[in-house]
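Here are the chains, one letter per residue:
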Amino acid sequence: QVQLVESGGGLVQAGGSLRLSCAASGRTFSNYGMGWFRQAPGKERVIVAAISRNGGSTSYTDSVKGRFTISRDNAKSTVYLQMNSLKPEDTAVYYCAARIAADYRYWGQGTQVTVSS
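To start, this report covers the structure provided alongside it. Since the model is a prediction, treat every value here as computed from it, not as a measurement.

As for the pattern of salt bridges
Side-chain pairs of opposite charge can arise where the charged atoms are in close proximity. Under the criterion given, the structure shown has four salt bridges. One salt bridge in this structure joins Arg38 and Asp90, with 2.9 Å as the shortest N-O distance. Taken as a pair, Arg38 in strand β4 (residues 33-39) and Asp90 in the loop between β8 (78-83) and β9 (92-100) lie far apart in primary sequence, 52 residues in all. The pair Arg38 / Asp90 is uniform in exposure class, with both members buried. With a closest N to O distance of 2.7 Å, Asp90 and Arg67 form a salt bridge. Remark: Arg67 occurs in the loop between β6 (58-60) and β7 (68-73) and Asp90 occurs in the loop between β8 and β9; sequence separation between them is 23 residues. In this structure, a network of salt bridges that share partners links the residues Arg38, Arg67 and Asp90.

Structure below.
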């Protein structure tokens, strides 16, 4: 079992930045690939970014490429999402999740990000 707690969300103006953090506890953090997802009102939850267990491989959905950066610190059992040049359409609840193979098995409670125009 892995427990995940997100933090760092908030209200920001368009063009601003936020850094989300996801702290893990429980099983060995480096055993899990990690992902950040978001869910906007009335929409499905979608993946935003993912990172491999050792941080050597990352991927992003097209809409955030060049603006968001996912990273992890296995010594601190934490994954981050640096979000720059935020747009109103980035407004959503952001979730981190821990992956085993292809299965995102463990989820945090989410943190709200609101970008005003």
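Topic: the side chain of Arg67
Accessibility expressed as a relative area gives 10% for Arg67, which makes it buried. From its side chain, Arg67 meets the backbone oxygen of Ser63 in a polar contact 2.9 Å long. The residues contacting Arg67, other than those within four sequence positions of it, are Gln82, Met83, Asn84, Ser85, Leu86, Lys87 and Asp90.

Parameters at a glance
- Residues numbered from 1 in each chain as written.
- Predicted model: local features only at pLDDT ≥ 70, side-chain atom pairs only at ≥ 80, totals over all residues.
- Heavy atoms only, no water.
- Salt bridge = Lys/Arg side-chain N within 4 Å of Asp/Glu carboxyl O.
- Helix = DSSP H or I, 4+ residues; strand = E, 2+ residues; numbered from the N terminus.
- Buried < 20%, exposed > 50% of the residue type's maximum accessible area, 1.4 Å probe, protein only.
- Polar contact = N/O pair within 3.5 Å; in protein donor to acceptor, adjacent residues only side chain to side chain.
- Contact = heavy atoms within 4.5 Å.

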